[in-house]
Amino acid sequence: MMAVLCLMGTAVQAQQNLNWGQGTQVASPDVHADNTVTFNLIAPEAQKVQITGDFLPPKTVSYQGNTYETPGVADLVKNEQGVWSFTTGQLKPELYTYNMLVDGVKIIDPLNVYNIRDINNLFSLLLIGGDQRADLYKVNKVPHGTVSKVWYESPTAGLTRRLTVYTPAGYETSKKDYPVFYLLHGIGGDENAWSELGRATQIMDNLIAQGKAEPMILVMTNGNISEEACPGETSNGFLVPTMRLPKTMEGSFETAFPDVIKFVEKNYRVKKDKAHRAIAGLSMGGFHTLFISINNPDLFDYVGLFSAAVDRQQTGNGEGFPNIYANRDSKIDQLFKKNPKLFWIGIGKTDFLIQNNNNLRAYLDSKNHKYTYLETDGGHIWRNWRIYLTEFAPLLFK
């Protein structure tokens with residue numbers, strides 16, 4: 001391992017020397033006019049260099065009885081100067097993530113300063129614009145909202161906890177009240193996930209500027225009720241991020257959620273009625289969204305399930321689980337008796353949770369409960385969740 005780390009240090013220094021010295025500049029990623037992309041790595045002593053990213057055909061793996069898609073892998077080819085290169089086919093406009101593999105060791109691209117954390121992994125970023133949806137992920141020349149990291153007291157959790165709050169352009173100078181959209185992340189995520197991985201603030205800026213979405217406040221929670229905030233920004237110090245956290249899907253977050261609403265409605269100019277509240281979440285956050293909404297049928301007129309982990313913590317009628325998970329179907333019926341304006345479900349065709357979502361839809365159909373459904377290509381991935389946000393947000397508060 002020490003030899004590999006030394007190789008990485010030498011490779012990084014080589015990147016710097018070749019780019020800032022007298023030699024030919026090497027860029028990575030190098031996006032061409034036809035939307036092909038060349039990735040480069042200077043590693044003359046490496047034996048094998050590969051790239052793995054979501055722009056490559058996915059691989060299918062099985063784990064604990066579930067089937068998942070993982071990013072594909074491609075080989076880079078070394079030239080006489082020790083530069084390894086790979087050029088993609090033409091890529092569709094999209095936000096992509098990737099890593100290099102140098103003799104089996106996964107690294108971020110040393111020539112790309114743009115990277116992002118997802119749970120305990122770091123990825124390099126690449127954004128190709130040029131179509132209507134991908135351009136929503138860009139910072140465009142439009143009025144921008146304000147993103148704040150806000151601490152609040154949660155008496156139910158017994159902690160001071162943090163939210164990410166987006167207020168739309170003009171909030172500070174206006175006197176009007178705004179609707180609120182509560183947006184929840186998946187397991188292993190935190191209050192930074194939607195604003196960073198999900199590009200939620202760029203999406204909201206652009207949709208609002210285009211007149212496609214109503215100006216609204218976006219509240220992005222931390223769904224790990226045992227934590228104060230995202231890893232590295234709590235009183236616990238620099239803990240290693242993990243998906244294996246206590247109190248994620250056992251009722252605590254749903255029970256404590258009213259603390260969030262109370263804080264928001266006390267500290268922001270918001271409309272405090274069902275018609276001006278929305279909630280949505282991905283995966284675990286979709287699970288939380290379902291049970292928060294059906295246990296509080298007078299709170300939200302807009303409910304969105306993005307690849308929701310429905311039924312993943314239940315057996316039968318919820319025996320052995322908190323009351324909040326019991327009697328799901330009868331609670332769904334009570335929610336629909338209140339005539340929500342929108343109940344929205346989105347999931348990928350190859351998502352490992354699609355059968356659970358199909359079972360939920362079968363129940364809704366059997367009761368003639370009206371909902372909106374979107375099925376996309378791909379699996380349990382951020383690319384889909386960004387799509388769902390761009391489709392869901394314009395339907396709110398109309």
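Residues numbered from 1 in each chain as written. Predicted model: local features only at pLDDT ≥ 70, side-chain atom pairs only at ≥ 80, totals over all residues. Heavy atoms only, no water.

Undergrad: How should the nonpolar core be read in this particular structure?
TA: General note: in soluble globular proteins, nonpolar side chains tend to be found buried as a group. Among the nonpolar cores identified, the biggest contains 49 residues, and Tyr 182, Phe 257, Val 264, Tyr 268, Phe 300 and Phe 343 are the most heavily contacted of them. For this core, the leading source of residues is helix H4 (residues 252-267), giving 7 residues. Here Val 264 is in contact with Leu 163, Val 180, Tyr 182, Val 219 and Val 270, once residues within four sequence places are set aside. Ranked by size, the runner-up nonpolar core spans 37 residues in total, among them Leu 125, Met 216, Trp 385 and Tyr 388. (Core = buried A, V, L, I, M, F, W, Y, C linked by side-chain atoms within 4.5 Å. Buried < 20%, exposed > 50% of the residue type's maximum accessible area, 1.4 Å probe, protein only. Helix = DSSP H or I, 4+ residues; strand = E, 2+ residues; numbered from the N terminus. Contact = heavy atoms within 4.5 Å.)

Undergrad: For this particular structure, what's the right way to read the side chain of Thr 376?
TA: Position of Thr 376 relative to the elements: it lies in strand E20 (residues 372-376). A relative accessible area of 10% places Thr 376 in the buried class. Among the polar contacts made by the side chain of Thr 376, one reaches the side chain of Asn 384 at a distance of 2.8 Å. Apart from residues no more than four positions distant in its own chain, Thr 376 is found in contact with Ile 347, Gly 348, Lys 349, Asn 384, Ile 387 and Tyr 388. (Polar contact = N/O pair within 3.5 Å; in protein donor to acceptor, adjacent residues only side chain to side chain.)

Undergrad: Explain the sheet that holds strand E14 (residues 159-167) here, please?
TA: Whether parallel or antiparallel, the strands of a sheet pair through hydrogen bonds between backbone atoms. The strand order across the open sheet formed by 8 strands is E13-E14-E16-E15-E17-E18-E19-E20, and the pairing between neighbours is mixed. Two strands lie at the open edges of the sheet, namely strand E13 (146-154) and E20, each paired on one side alone. Across the sheet, the mean angle from the axis of one strand to that of its neighbour is 20°, orientation sign disregarded. With 5 bridges joining them, strand E17 (residues 277-282) and strand E18 (residues 302-306) adopt parallel strand pairing. Each bridged residue has a counterpart across the sheet, and for Ile 279 the counterpart in E18 is Val 303. (Pairing = 2+ DSSP bridges. Axes fitted to C-alpha atoms, helices over the stretch in contact; angles between N-to-C directions.)

Undergrad: Just checking my understanding: could you explain the sheet that holds strand E2 (residues 37-42) for this structure?
TA: Across the sheet, 4 strands lie side by side as E1-E2-E8-E7; this open sheet has antiparallel pairing. With one partner strand each, in any of the chains shown, strand E1 (30-31) and strand E7 (77-78) form the two edges of the open sheet. Inspection of the sheet shows E2 paired to strand E8 (residues 83-87) by 5 bridges, in the antiparallel sense. Looking at E8, one finds that Thr 38 is bridged to Thr 87.

Undergrad: Sorry, what's going on with the environment of Asn 79 here?
TA: Tracing the backbone through its elements, the reader meets Asn 79 in the loop between E7 and E8. Here the alpha-carbon distance between Asn 79 and Ile 42, two residues 37 residues apart in the chain, equals 9.8 Å. Of note is the side chain of Asn 79, whose polar atom sits 2.9 Å from the backbone nitrogen of Val 83.

Undergrad: Can you help me understand helix H6 (residues 328-337) in this one?
TA: Because the α-helix completes a turn every 3.6 residues, residues three or four places apart line up on one side. Every buried residue of H6 is accounted for by Arg 328, Lys 331, Ile 332, Asp 333, Leu 335 and Phe 336. Phi turns positive one or two residues past the end of H6, at Asn 339, with a value near 55°.

Undergrad: Mind showing me how you'd approach the packing of H4 against helix H5 (residues 284-295) here?
TA: In a packed pair of helices, the relevant descriptors are the angle between the two axes and the axis-to-axis distance. As a packed pair, H4 and H5 sit with axes 9 Å apart at the nearest point and diverge in direction by 65°. Helix-helix and strand crossings are classified by hand; for H4 and H5 the assignment is right-handed. Contacts between H4 and H5 pair Phe 253, Glu 254 and Phe 257 from the former with Phe 287, His 288, Phe 291 and Ile 292 from the latter. Broken down by class, the residue content of the contact of H4 with H5 amounts to 5 nonpolar, 1 polar and 1 charged. (Left-handed = near helix turned anticlockwise from the far one by under 90°. Nonpolar A, V, L, I, M, F, W, Y, C, P; charged D, E, K, R; others polar.)

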